[in-house]
Amino acid sequence: MREYLLTILVAALVAYLLTPTVRRFAVWFGAQAVPRDRDVHVIPTPRLGGLAMFGGMVAALIVASGLPEMRKYLGDGEVDVGRALLMSGGLIVLIGMADDRWEVDALTKFAGQVAAGGIFIMQGIQIYALPLPTGEPLTLAPAYGVPLTVFIVVATINAVNFIDGLDGLAAGVVGIAALALFIYAYLLSKSHGMTTLSGATLTAAILFGMCAGFLPHNFSPAKIFMGDTGSMLIGLLLSASTIMLTGRFDPAVLAGGLFPFYVPLLLVPAVAAVPFTDMLLAVWRRTNQGRSPFAPDKRHLHHRLLELGHSTRRAVLIMYFWVGLLGSGLIALAVFKQALITLLATLVVALGGMLLMLATPWRRRRRNGAAERGAPAGGSDRPADRPSMPV
């Protein structure tokens, strides 16, 4: 655990300290987000925050490679995790910088994402087998494993990119997802007497540290945005950890049946259910309107929360809550044997969260109705259908 805590601390500290410098560079470089109709910020804000996150990743990998026990899981053997993350991450960062400055077309970004998935495959990060209900792994030939790996990489990157619309939203959601993957891998390895050191667990730890270090600068009101440089980078690392965790645990040694074996395949879709659902709804909505699936609009889930009357910060915290609940519920089901108690506790927390989420817009509408009738309304005099904007 000490190795992981050190890498998390290094990634967070370097990302945090580099962000102000990156912010000044972004202003000089001209990479600033000018407010658009679908945005919730009202002043130009520097982008390229992903550069600071990339610096945190590089620093954490350097520190991890200096730890004797961790070094063997970074570069020794068939999977070269360190080289894969540096090469694919560097490619994604270059494409993201170009997009944050000059707005690269969607096809070029897609090609870069596919290339990043190809780098993973060349360095040994690939889906080699899938679990079957019988407990036997289904070995995948390269004709199936390669495109499946590339699909997971591209889908995860774009899901994260789709949700990057509110201050601190993408960094927080991916940070929670990374923490969930880390806890799952560490606890399951420890409880079954396996080594807790692995490239997948290290990647999740570094990703959590990167997001934690950048988030103080990015939470509402954001001083800097991560841009596509950051959203594609953290999506890439999230997919890498997921791919490496798939098939890591032998169902024969798992006391909890087959469910823990499926968790890597379920955890990211569950934890990232918000961005994935948002992505699918956006594609369906735009294609139904005869538009490109990549055409921007202002109908994402976070925009709808703002329309309900939630402030920007509250909308982000609501998304954090649901992502954290789904992730913790899956981990609890994989680690603890009392499945019924876990499900009931998760359901109770979910119902409570739903009531709290709907209570604020209801109270706001009630105050506005009272104000229209001439009764003292109290609270804010902002119209109910106007979301609050970060300063």
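This structure is a prediction, so every number in the text was calculated from the model and none was measured.

## Considerations on helix H2 (residues 50–65)
Across its 16 residues, H2 extends 22 Å between first and last C-alpha, which sits within 8% of the 22 Å expected from 1.5 Å per residue. Three or more residues of H2 are buried, namely Gly50, Ala52, Met53, Phe54, Gly55, Gly56, Met57, Ala59, Ala60, Leu61 and Ala64.

## Points about the packing of helix H4 (residues 81–102) against helix H9 (residues 227–245)
Interhelical geometry of H4 versus H9 gives an angle of 155° and a closest axis separation of 7 Å. When the axis of H4 is compared with that of H9, the two are roughly antiparallel. The interaxial crossing formed by H4 with H9 has right-handed handedness. Within the contact between the two elements, H4 uses Val81, Leu85, Ser88, Gly89, Ile92, Val93, Ile95, Gly96, Met97, Asp99 and Asp100 and H9 uses Gly227, Asp228, Thr229, Met232, Leu233, Leu236, Leu237, Ala240 and Met244. Considering only residue class, the contact of H4 with H9 consists of twelve nonpolar, five polar and three charged.

## Regarding the side chain of Asp167
Looking at the secondary structure, you find Asp167 in the loop between helix H6 (142–163) and helix H7 (169–191). An unpaired buried charge is present at Asp167: no salt bridge exists, and Arg313, the closest side chain of opposite charge, is 7.6 Å distant.

## Overview of the pattern of salt bridges
According to the stated counting rule, one finds three salt bridges in the structure shown. Here Arg83 and Asp80 are joined by a salt bridge, their closest N and O atoms 3.7 Å apart. Judged by its relative accessible area of 48%, Arg83 falls in the partly exposed class. Salt-bridge contacts for Asp228 lead to Lys109; the nearest nitrogen and oxygen are separated by 2.9 Å. With Asp228 in helix H9 and Lys109 in helix H5 (residues 106–122), this pair connects stretches of sequence that are 119 residues apart. Each of the two residues, Asp228 as well as Lys109, counts as buried. Through salt bridges that share partners, Asp99, Lys109 and Asp228 make up one connected network.

## Focus: the nonpolar core
By size, the foremost hydrophobic cluster in this structure holds 87 residues, and its most contacted members are Leu207, Met210 and Ile234. If you tally residues by element for this core, the top one is H7, at 14 residues. Once you skip the residues sitting within four places of it in the chain, Met210 turns out to touch Ala11, Ala12, Ala15, Met53, Gly56, Met57, Leu233, Ile234 and Leu237.

## Section: the confidence of the model for the chain
For the chain, the mean per-residue pLDDT works out to 79, and 74% of the residues sit at or above 70. Taken as a whole, residues 377–391 scores under 50 in pLDDT and shows 28 contacts with residues more than four places along the chain or in a different chain.

## Let's talk about the environment of Phe54
Tracing the chain through its elements places Phe54 in helix H2. For Phe54, a relative accessible area of 18% puts it in the buried group. Every residue in contact with Phe54, bar those within four places of it in the chain, is listed here: Leu86, Gly89, Gly90, Val93 and Leu233.

## Digging into the environment of Thr346
Residue position: Thr346 is located in helix H14 (residues 339–372). C-alpha separation for the pair Thr346 and Leu325, spaced 21 residues apart in sequence, amounts to 7.1 Å. Among all residues touching Thr346, those that are not within four sequence positions of it are Leu325 and Gly329.

## Quick look at a nonpolar patch on the surface
Together, Leu13, Tyr16 and Leu17 make up an exposed nonpolar region whose accessible area comes to about 300 Å². Looking at where Leu13 falls in the secondary structure, it is placed in helix H1 (residues 2–29). Relative accessible area serves as the criterion here: at 46%, Leu13 is assigned to the partly exposed category.

## Considerations on the packing of aromatic side chains
Applying the stated criterion to the full structure yields eight aromatic pairs. On the basis of an interplanar angle of 85° and a centroid distance of 6.4 Å, the ring pair of Tyr4 and Tyr186 is categorised as edge-to-face. You can see Tyr4 sitting in helix H1 and its partner Tyr186 sitting in helix H7, a full 182 residues away along the chain. With respect to burial, Tyr4 and Tyr186 carry one shared label: buried. For the pair Phe182 and Tyr186, a centre-to-centre distance of 6.0 Å together with 20° between the ring planes defines the contact as stacked. Of this pair, Phe182 and Tyr186 both sit in helix H7, four residues apart, which is roughly one turn of the helix. Here the two residues Phe182 and Tyr186 agree in accessibility, since each one is buried.

Calculation rules
- Residues numbered from 1 in each chain as written.
- Predicted model: local features only at pLDDT ≥ 70, side-chain atom pairs only at ≥ 80, totals over all residues.
- Heavy atoms only, no water.
- Helix = DSSP H or I, 4+ residues; strand = E, 2+ residues; numbered from the N terminus.
- Expected span 1.5 Å × (residues − 1).
- Buried < 20%, exposed > 50% of the residue type's maximum accessible area, 1.4 Å probe, protein only.
- Axes fitted to C-alpha atoms, helices over the stretch in contact; angles between N-to-C directions.
- Parallel < 35°, antiparallel > 145°, perpendicular 65-115°, else oblique.
- Left-handed = near helix turned anticlockwise from the far one by under 90°.
- Contact = heavy atoms within 4.5 Å.
- Nonpolar A, V, L, I, M, F, W, Y, C, P; charged D, E, K, R; others polar.
- Lys, Arg positive; Asp, Glu negative; His and termini not counted.
- Salt bridge = Lys/Arg side-chain N within 4 Å of Asp/Glu carboxyl O.
- Core = buried A, V, L, I, M, F, W, Y, C linked by side-chain atoms within 4.5 Å.
- pLDDT = per-residue confidence, 0-100.
- Patch = residues over 30% accessible without salt bridge, like charges linked within 9 Å, V, L, I, M, F, W, Y side chains within 5 Å.
- Areas by Shrake-Rupley, 256 points an atom, 1.4 Å probe, with all protein chains shown as cover.
- Phe/Tyr/Trp six-rings, centres within 6.5 Å; stacked < 30°, edge-to-face > 60°.

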